[in-house]
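# Observations on the three-dimensional arrangement
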Amino acid sequence: MRTRAFRRANLQVSEIGLGTWQLGGDWGEVGDEQAREVLHAALDAGVTFLDTADVYGDGRSERLVGAVVAERGDHDRVTIATKVGRRADPHVASAYTPEALRGWVGRSLDNLGVERIDLLQLHCPPTEVYADDEVFGALDDLVTDGLLSAYGVSVETCEEALSAIGRPGVTSVQIILNAFRQKPLEEVLPAAHEAGVGIIARVPLASGLLSGRYDLDTSFPADDHRTYNRTGAAFDVGETFAGVPYEVGVRAAQEVSSLAGSGLTAAQLALRWILDHEAVTTVIPGARSVEQVEGNVAASDLPPLDPALHEELRAIYDHHIRPHVHHRW
Ligand SMILES: NC(=O)c1ccc[n+]([C@@H]2O[C@H](COP(=O)([O-])OP(=O)(O)OC[C@H]3O[C@@H](n4cnc5c(N)ncnc54)[C@H](OP(=O)(O)O)[C@@H]3O)[C@@H](O)[C@H]2O)c1
């Protein structure tokens, strides 16, 4: 497993990490044993970056991550990134007070079973928060007080990413980047690279679409966001299938899959495409089985894609996907 740096924090992590939203909830049933197996498989395979959030299963994901890392004695080797903010109800900018931030951090420390959070991310805060010096001052204070090693922001839009990159204390920006979300290549990745801000590429498989396994008849459980958030009824629709209408995505994913060949699955092609951008620090696919983890981790050992493949993926994006997503996020 290759590693890359969060340069502002002087921190090296595996270039393939693990997203753990599905270990909390919102993806149908994932039992405790299954969740633990997925975490162990990732850590066994050299993953040293885990992404979670306080709202994933109302803390279940954080508790599972913290417990597995602790029982393996892996806290010195593994970076756990969590997120806060989405517990605010209503989720409005005025909820991001220094007191609220400290309270959310305290709860995540308890869930993770640690005394200091390696990387705390604001969890797609309202846009006004990016301009609020008090919020970033409060995050600096939490670092000074030893409760955080570093902080970053998980963002919805490229404009928000650029605002976050402009904040000197921000170590990382987490953004949707995949073959169906190519806009961050234009300004966000160059700006992050220039500023030394790490990019965490989330939703790298477009919620599984880019694995090429789904067709128009595929159905997902009722408690899976791929059923209940398809039109954005519960949260930003961009988080489900990367905001691509399902039928459009299935068709485009079939074209992507046809580019994968022997020795390269469609999911690996999708992950490799992301890794080929040097501004990316780590890619965090979610996985619900040991096989998925192992397949995803193997993308790190593959050579960069041929430039012609990059061009073909660009053409698929331009033809099918761009009109649906490019202007929105
Ligand atoms: N606002 C935010 O900050 C935010 C929002 C979204 C996600 N995230 C983070 O990003 C992480 C990743 O995003 P995501 O989980 O939403 O989407 P994703 O990684 O694009 O997709 C995950 C899904 O892809 C499929 N998959 C994974 N590995 C596979 C493989 N090797 N072969 C075939 N299929 C495979 C699985 O689908 P099946 O379930 O069909 O098997 C899995 O549930 C999350 O876990 C979370 O940590 C953060």
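Residues numbered from 1 in each chain as written. Predicted model: local features only at pLDDT ≥ 70, side-chain atom pairs only at ≥ 80, totals over all residues.

## As for the overall build of the protein chain
Of the regular secondary structure elements, the protein chain holds 11 helices and 10 strands. Here the C-alpha radius of gyration of the protein chain, 18 Å, is about what a compact globule of 329 residues would show, namely 20 Å. By the burial criterion, 49% of the 329 residues in the protein chain qualify as buried. (Helix = DSSP H or I, 4+ residues; strand = E, 2+ residues; numbered from the N terminus. Rg over C-alpha atoms; globule rule 2.2 N^0.38 Å. Buried ≥ 20, exposed ≤ 12 C-beta atoms within 10 Å, placed from the backbone.)

## Some thoughts on the nonpolar core
V173, F180, A206, L210, V256 and A270 are the most contacted members of the largest nonpolar core, which has 100 residues in total. Here this core takes eight residues from helix α9 (residues 266-275), the largest share from any one element. In this structure F180 touches A206, L210, A242, V244, G249, A252, Y317, I321 and V325, once residues within four positions along its chain are discounted. (Core = buried A, V, L, I, M, F, W, Y, C linked by C-beta atoms within 7 Å. Contact = placed C-beta atoms within 7 Å.)

## A word on the sheet that holds strand β8 (residues 170-176)
On the basis of which strands lie adjacent, the open sheet formed by eight strands has the order β3-β4-β5-β6-β7-β8-β9-β10 and parallel pairing. Unpaired on one side and paired on the other, β3 (18-19) and β10 (280-283) mark the two borders of the sheet. Alignment of strand β6 (residues 119-123) against strand β7 (residues 151-154), held across four bridges, turns out to be parallel. Among the inter-strand pairings, L122 is bridged to a residue of β7, identified as V153. Helix-sheet contacts for helix α5 (residues 158-165) involve β7 and β8, and the interaxial angle to β8 is about 170°. (Pairing = 2+ DSSP bridges. Axes fitted to C-alpha atoms, helices over the stretch in contact; angles between N-to-C directions.)

## So, the site of the ligand
Around the ligand there are 30 residues in total, and G19, L205, G208, S211 and G286 lie nearest to it. Among the elements that line the shell around the ligand, the one with the most residues is helix α10 (residues 290-297), at three residues. Counted by class, the shell around the ligand contains 11 nonpolar, 13 polar and six charged residues. (Near = placed C-beta within 6 Å. Nonpolar A, V, L, I, M, F, W, Y, C, P; charged D, E, K, R; others polar.)

## Some remarks on helix α2 (residues 60-71)
Taking 1.5 Å of rise per residue, the 12 residues of α2 would be expected to cover 16 Å, and the 16 Å separating its terminal C-alpha atoms lies within 8% of that figure. Burial in α2 covers these residues: S61, E62, R63, L64, V65, G66, V68 and V69. Looking at the buried residues of α2, the elements they touch are α1 (32-44), β4 (49-51), β5 (79-84) and α3 (98-112). G73 occupies a position one or two residues after α2 and carries a positive phi of about 65°. (Expected span 1.5 Å × (residues − 1).)

## Description of unusual backbone geometry
Following D89, the chain continues to P90 via a peptide bond in cis, the omega torsion being 5°. Looking at the secondary structure, you find P90 in the loop between β5 and α3. Here V203, not a glycine, exhibits a phi torsion of approximately 50°, which is positive. Among the structural elements, V203 can be located in the loop between β9 (198-202) and α7 (225-228). With 27 C-beta atoms packed within 10 Å, V203 lands in the buried category. At S207, a position not held by glycine, the phi torsion is positive, near 60°. Here S207 shows up in the loop between β9 and α7. The buried category is assigned to S207, around which 27 C-beta atoms lie within 10 Å.

## Some words on the pairing of β8
The buried count for β8 comes to seven of seven residues, which makes it a mostly enclosed element. By the bridge criterion, four bridges tie β7 to β8 in an arrangement that is parallel. Note on β8: the bridge partner recorded for G152 is S172. For the crossover from β7 across α5 to β8, the handedness is right-handed. (Right-handed = clockwise from strand over helix to strand, strands pointing away.)

## Regarding α3
Across its 15 residues, α3 extends 21 Å between first and last C-alpha, which sits within 8% of the 21 Å expected from 1.5 Å per residue. Taken residue by residue, α3 has L101, W104, V105, S108, N111 and L112 as its buried positions. Down the axis of α3, the smallest arc covering the buried residues is 120°, so these residues share one side. Every exposed residue of α3 that faces more than 90 degrees away from the buried side is listed here: E99 and G106. (Arc of directions from axis to C-beta.)

## Details of the environment of L177
Looking at where L177 falls in the secondary structure, it is placed in the loop between β8 and α6 (188-195). The class of L177 is buried, set by 27 C-beta atoms lying within 10 Å. Among residues more than four places away in sequence, those in contact with L177 are P184, A201 and I274.

## A closer look at the packing of helix α8 (residues 246-259) against helix α11 (residues 307-325)
At a minimum axis distance of 10 Å, the contact between α8 and α11 shows a crossing angle of 175°. For the element pair α8 / α11, the angle class is roughly antiparallel. Residues V248, R251, A252, E255, V256 and L259 of α8 form the contact with α11, whose participating residues are L309, E312, L313, I316, H320, I321 and H324. Class assignment for the residues of the contact of α8 with α11 results in eight nonpolar, two polar and three charged. (Parallel < 35°, antiparallel > 145°, perpendicular 65-115°, else oblique.)

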